[in-house]
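The lines below spell out each chain.
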Amino acid sequence: MLPGRQCPPCPPYPPSYPSRPDRVRSRWARTCGSRSARVSPLEETIFHGFNTEHLYSTPHLTTDSHVPCPQVKLEKIHPKTCSPKEYLETFIFPVLLPGMASLLHQAKKEKCFERKRTKFIACDFLTEWLYNQNPKRIGESFTEFFSIPFVEQWLKHHPRPAMPLSLLLTEGEAALIIQSFWRAYLVRCDPEIQELRQWQKKLREDNHIHQRVKIFWAKQEQKVKCKMEKEEEA
């Protein structure tokens, strides 16, 4: 500081400013005004009709008077006079769609989505489900597919081929058969077992030698007889 000069008196710390509500409101107005000038089109769409008073003031809830909903009169749809769309939505889909849902659940249990071939036949399951869910059969006992009257009648004239055993066996039963076959194969490959099998084969041939001779001469006589018949016809 230069000699001969005095510094001005310092204000007391901290400075005490008078409360100016108008200044606070003017700052808030300037801030909101500058913010509204930078609002993007997206924000303008989202906050359209939004008031800042909603953040600070308690909204006044108003209750509307209870106005009863108008009763819609359901028209009875006749299956023979309605349109195809109404027939499907009224009489077909309410019964068919739950059956299709049960069909998908059963197909998942039968692992149809994991294997190429299974014993599960979707048409048979759906036929059985729809027959037992028929409103006309309420209170009656469950009927299996092959016991349904029209199914029995159809299969009498159109019999099905036998289903392969590989599709009827469970995983445990199939694994047991494969393991048994493999163990037997390993036993038969043993040299001592091979020798025993050859001895048993020779013993069977010796015990049935007379029967084998009879069969041999019967075949020879048949050949001679056929040859003579052809010569007579010629």
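Rules and cut-offs
- Residues numbered from 1 in each chain as written.
- Predicted model: local features only at pLDDT ≥ 70, side-chain atom pairs only at ≥ 80, totals over all residues.
- Heavy atoms only, no water.
- Helix = DSSP H or I, 4+ residues; strand = E, 2+ residues; numbered from the N terminus.
- Contact = heavy atoms within 4.5 Å.
- Areas by Shrake-Rupley, 256 points an atom, 1.4 Å probe, with all protein chains shown as cover.
- Salt bridge = Lys/Arg side-chain N within 4 Å of Asp/Glu carboxyl O.
- Buried < 20%, exposed > 50% of the residue type's maximum accessible area, 1.4 Å probe, protein only.
- Phe/Tyr/Trp six-rings, centres within 6.5 Å; stacked < 30°, edge-to-face > 60°.
- Axes fitted to C-alpha atoms, helices over the stretch in contact; angles between N-to-C directions.
- Parallel < 35°, antiparallel > 145°, perpendicular 65-115°, else oblique.
- Left-handed = near helix turned anticlockwise from the far one by under 90°.
- Nonpolar A, V, L, I, M, F, W, Y, C, P; charged D, E, K, R; others polar.
- pLDDT = per-residue confidence, 0-100.
- Patch = residues over 30% accessible without salt bridge, like charges linked within 9 Å, V, L, I, M, F, W, Y side chains within 5 Å.
- Lys, Arg positive; Asp, Glu negative; His and termini not counted.
- Charge placed at Lys NZ, Arg CZ, Asp CG, Glu CD.
- Polar contact = N/O pair within 3.5 Å; in protein donor to acceptor, adjacent residues only side chain to side chain.

Counting its regular elements, the protein contains 10 helices and 0 strands. Reading the protein from its N end, one meets helices and strands in the order α-α-α-α-α-α-α-α-α-α. Restricting to contacts in the protein with at least 6 residues of sequence separation, those with at least 24 account for 27%. Total accessible area on the protein is roughly 22,500 Å²; 60% of this is exposed by carbon and sulfur atoms.

For side chains bearing opposite charge, pairing can occur when the charged atoms are close. Applying the stated criterion across every chain yields a total of 4 salt bridges. One salt bridge connects lysine 111 with glutamate 171, and the closest N-O pair in it is separated by 3.0 Å. With lysine 111 in the loop between α4 (84-109) and α5 (122-132) and glutamate 171 in helix α8 (residues 171-188), the pair connects residues that are 60 residues apart, well separated along the chain. Its relative accessible area of 46% is what places glutamate 171 among the partly exposed residues. As a salt-bridge pair, arginine 160 and aspartate 124 come within 2.7 Å of each other at their nearest N and O atoms. With arginine 160 in the loop between α6 (149-157) and α7 (165-168) and aspartate 124 in helix α5, this pair connects stretches of sequence that are 36 residues apart.

Moving on to the packing of aromatic side chains. One pass over the structure, following the stated rule, counts 6 aromatic pairs. Their ring planes at 75° and their centres at 5.5 Å tell us that phenylalanine 216 and tryptophan 217 sit as a pair that is edge-to-face.

The set of residues buried in α5 consists of Asp124, Phe125, Leu126, Glu128, Trp129 and Asn132. Contacts made by the buried residues of α5 are with α4.

Packed helices, taken two at a time, are described by the angle their axes make and the gap between the axes. In contact at an axis separation of 10 Å, α4 and α5 are set at 135° when each is read in the N-to-C sense. When the axis of α4 is compared with that of α5, the two are oblique. The element α4 and its partner α5 pack so that their crossing is right-handed. Between α4 and α5, the contacting residues are Val95, Leu96, Pro98, Gly99, Met100, Ser102, Leu103 and Gln106 on the first element and Ala122, Phe125, Leu126, Trp129 and Leu130 on the second. Considered class by class, the residues forming the contact of α4 with α5 number 10 nonpolar, 3 polar and no charged.

Mean pLDDT over the protein stands at 75; residues scoring 70 or higher make up 68%. Put simply, helix α3 (residues 53-56) is where the protein has its lowest mean pLDDT, 42, and α5 is where it has its highest, 93. This model gives residues 35-67 a pLDDT under 50, and the stretch forms 5 contacts once residues within four places in sequence are excluded. Scored below 50 in pLDDT, residues 69-74 makes 0 contacts in the model with residues more than four places away or belonging to other chains.

It is worth spelling out a negative patch on the surface at this point. A cluster of acidic residues, Glu229, Glu231, Glu232 and Glu233, forms a negative patch on the protein surface. Structurally, the position occupied by glutamate 232 is in helix α10 (residues 209-233). Given a relative accessible area of 68%, glutamate 232 falls into the exposed group.

As a further point, take a nonpolar patch on the surface. A surface patch of nonpolar side chains, about 430 Å² in accessible area, is lined by Tyr87, Leu88, Phe91, Phe93 and Leu97. Mapped onto the elements, phenylalanine 91 comes out in helix α4. On the basis of relative accessibility, which here comes to 31%, the residue phenylalanine 91 falls in the partly exposed class.

Relative to the elements of secondary structure, asparagine 132 occurs in helix α5. One polar contact links the side chain of asparagine 132 to the main-chain amide nitrogen of threonine 143, over a distance of 2.8 Å. When residues no more than four places from it in sequence are discounted, the contact partners of asparagine 132 are Arg137, Ser141, Phe142 and Thr143.

A word on unusual backbone geometry. Even without being glycine, lysine 111 reaches a positive phi, approximately 60°. Take lysine 111: its relative accessible area is 29%, and that puts it in the partly exposed class.

Looking at aspartate 124, the relative accessible area reads 13%, which means it is buried. Among the polar contacts listed, one links the side chain of aspartate 124 to the side chain of arginine 160, at a separation of 2.7 Å. Apart from residues lying up to four places away in sequence, aspartate 124 is in contact with Phe145 and Arg160.

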